[in-house]
Amino acid sequence: MSREVRVRFAPSPTGPLHIGGVRTALYNYLFAKQNGGKMILRIEDTDQTRFVPGAEDYIIEALTWLGIQFDEGVHIGGPFGPYRQSDRKPMYKQYADQLIRDGWAYYAFDHPDELEAKRKEYEAQKKTFQYDCNTRGMMQNSLSLSEDEVKQRLNNGEPYVVRFKFPADTEITVHDLIRGDVTMNSNLLDDKVLFKSDGMPTYHLANIVDDHTMEISHVIRGEEWLPSAPLHVMLYRAFGWEETMPQFAHLPLLLKPEGNGKLSKRDGDRLGFPVFPLDWHDPKSGEISSGYRERGYFPEAVVNILALLGWNPGKREGDNGANPVYQEILSMNDLIKLFNISHISKSGAKFNVEKAKWFNHEYMQMHSDEDIAAMFQPILDSHNVKADHDYVVKVCGMMKERINFISEMWDTTSYFFVAPTEYDPAAIKKRWKAGMTTHMAKVIEILNTVPFEYDAIHKALLDDYIVGNQLNMGQVMNSLRLAVVGKTVGPDMLTLVMMLGKDETIRRVQRAIDTIGEVEN
Ligand code: GLU
């Protein structure tokens, strides 16, 4: 019987969730959905010194915003709970005890100062100290001390840690679904701390115990955990859980746009893009880090961008190989259908800011004009603009093609709502030549006399007046634009006139005549 797919996203609540972490959550989600499996949210908060208030809520809010849903987790419960490691604390000691009993772990009493002194001593000899099979014999632990002494120290309540006892010179192979077999010799590995006398497990012990007891089938996580994987494989062996050990997939890093090094918050600040899904207010420093949501990214665009950072769906269906371009716009449902671990790349994925904006632009076009108008309305309110809803919808439909973010809509469309009060001096110089006030007065006359219809105005103004009198089309029409918009941008001129209406257009043209006036040449 094949095993039910159960994957987990297991963040530590140490701050805002980096987009690399969001991508990990997304890949887990896609994999779970594709296989009809379960997605679990587990909070790994064993390191209380790094705990940051608000981080857990932030993680949940961010993933909810992106449409990454969980079947079980800290916020919704489930049959394998509790899902927060600090709430599971009482269950870990028995597992540490089991490892000690079976000879896979030992008590170590070394004081932090002693360890520090050892490190210094090694450093002085240009060596690095590692607590391992070669050094453990000279340290204060249950392998080097007599049984009685160990008992006494434990009875006296002396602080201790439990360390994993790596067997000497053993090849440990991690089978990784992305990288294949990764083998490491145990001599290179240190005897990691698994448990502390305050009753708290470390990440390594809690992670393995939880993955096992929560019946996790696949561990999909960042590449930074690959060096820990040999220890994890050994822990499964030590517990006798090898048969149900999850399969591992270690995801490539998200790299700086230049391609060298891991993408950091500083890169985001430097290059003007967020590395967090939502704004984050640091409770200690008060510093605010910006998020995709507040920057105006659509959640579907962020999902699409992240999905393609380190994975692609392969070439398009029906492609004979001549055009190995894959489909880029992919919805969550498309991704669930197409996702496969074998297409995840081994090398890091470079973040591309311009491409991210392009994705948002594409998703903007897919949103209905109504939707965009609803998103734009608060911005209009903030400018005290009272506009008819249908009019706003129409403006959004006409102009969404020109923007990447809703926040750009006001700058791009303000003249649809408020008349210009200033006119671009460079455009005046270039377009508003001698005789222009007469031509503009003629525009007003035409608007006042011909039916207010596109074709009728086109014929009277462009064909009969401008062409008929051999006037410079660019000069007159751009001056009209200057009068109506304030600068020489915007959609088709007569479409704009039709949108603004006769009276408003006439008012604007008259104001330009009065403000700019007649010029010499
Ligand atoms: N708590 C670890 C983290 O913060 C999880 C690593 C894992 O998925 O095993 O990334």
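Scroll up to find the structure.
Treat the numbers as computed from the prediction; the structure is a model and nothing was measured.

Enquirer: Is there a simple way to think about the packing of aromatic side chains in this case?
Expert: The geometry of an aromatic ring pair is captured by two quantities: the separation of the ring centres and the angle between the planes. This structure, assessed with the given rule, holds 22 aromatic pairs. Their ring planes at 10 degrees and their centres at 4.5 Å tell us that Phe-273 and Phe-351 sit as a pair that is stacked. Placement of Phe-273 in the loop between helix H8 (265–271) and strand E12 (280–281) and of Phe-351 in the loop between strand E14 (349–350) and helix H12 (353–366) is noted, with a sequence separation of 78 residues between them. With relative accessibility at 4%, the residue Phe-351 sits in the buried group. Three or more aromatic residues joined by ring pairs form one cluster here, namely Tyr-106, Tyr-122, Phe-129 and Tyr-131. Positioned over the ring face of Tyr-122 is Lys-127, at 5.4 Å from the centre of the ring. The lysine or arginine in question, Arg-163, covers the ring of Tyr-131, its NZ or CZ lying 3.8 Å from the ring centre.

Enquirer: Got a minute to help me understand the site of the ligand in this structure?
Expert: In the region of the ligand, the neighbouring residues are Arg-8, Ala-10, Ser-12, Glu-44, Tyr-203, Asn-207, Arg-221 and Trp-225. Here Ser-12 contributes a side-chain N or O atom positioned 3.1 Å from a nitrogen atom of the ligand. In this structure, an oxygen atom belonging to the ligand sits 3.2 Å away from a side-chain N or O atom of Trp-225. Its free accessible area being 300 Å², the ligand has 83% of it covered by the protein chains. A breakdown of the residues in the shell around the ligand according to their chemical character gives 3 nonpolar, 2 polar and 3 charged.

Enquirer: I keep staring at the pattern of salt bridges and nothing clicks. Help me out?
Expert: Between side chains of opposite charge, pairing is possible as soon as their charged atoms come close. Taken as a whole and judged by the stated rule, the model has 33 salt bridges. With a closest N to O distance of 3.3 Å, Lys-118 and Glu-121 form a salt bridge. Placement of both Lys-118 and Glu-121 in helix H4 (residues 112–124) is noted, with a separation of 3 residues, approximately one turn of the helix. Exposure remark for Lys-118: the relative accessible area of 16% places this residue in the buried category.

Enquirer: Would you mind showing me how to read the sheet that holds strand E8 (residues 193–196) here?
Expert: Each strand in a sheet pairs with another by means of backbone hydrogen bonds, the pair being arranged parallel or else antiparallel. Taken in spatial order, the 3 strands line up as E4-E5-E8 in an open sheet, and their pairing is antiparallel. Whereas interior strands pair on both sides, the edge strands pair on one side only; in this sheet they are strand E4 (105–108) and E8. The mean angle between the axes of side-by-side strands here comes to 30 degrees, regardless of whether they run parallel or antiparallel. In this sheet, E8 lies alongside strand E5 (residues 161–164) in antiparallel orientation, the contact comprising 3 bridges. Bridge pairing links Arg-163 to Val-193 in E8. Helix H3 (residues 93–101) contacts E4, E5 and E8 of the sheet and is inclined by roughly 105 degrees relative to E4.

Conventions we followed
- Residues numbered from 1 in each chain as written.
- Predicted model: local features only at pLDDT ≥ 70, side-chain atom pairs only at ≥ 80, totals over all residues.
- Heavy atoms only, no water.
- Phe/Tyr/Trp six-rings, centres within 6.5 Å; stacked < 30°, edge-to-face > 60°.
- Helix = DSSP H or I, 4+ residues; strand = E, 2+ residues; numbered from the N terminus.
- Buried < 20%, exposed > 50% of the residue type's maximum accessible area, 1.4 Å probe, protein only.
- Lys NZ or Arg CZ within 6 Å of the ring centre and 35° of its normal.
- Near = heavy atom within 4 Å.
- Polar contact = N/O pair within 3.5 Å; in protein donor to acceptor, adjacent residues only side chain to side chain.
- Areas by Shrake-Rupley, 256 points an atom, 1.4 Å probe, with all protein chains shown as cover.
- Nonpolar A, V, L, I, M, F, W, Y, C, P; charged D, E, K, R; others polar.
- Salt bridge = Lys/Arg side-chain N within 4 Å of Asp/Glu carboxyl O.
- Pairing = 2+ DSSP bridges.
- Axes fitted to C-alpha atoms, helices over the stretch in contact; angles between N-to-C directions.
- Contact = heavy atoms within 4.5 Å.

By themselves, these are just geometric observations and shouldn't be taken as functional.
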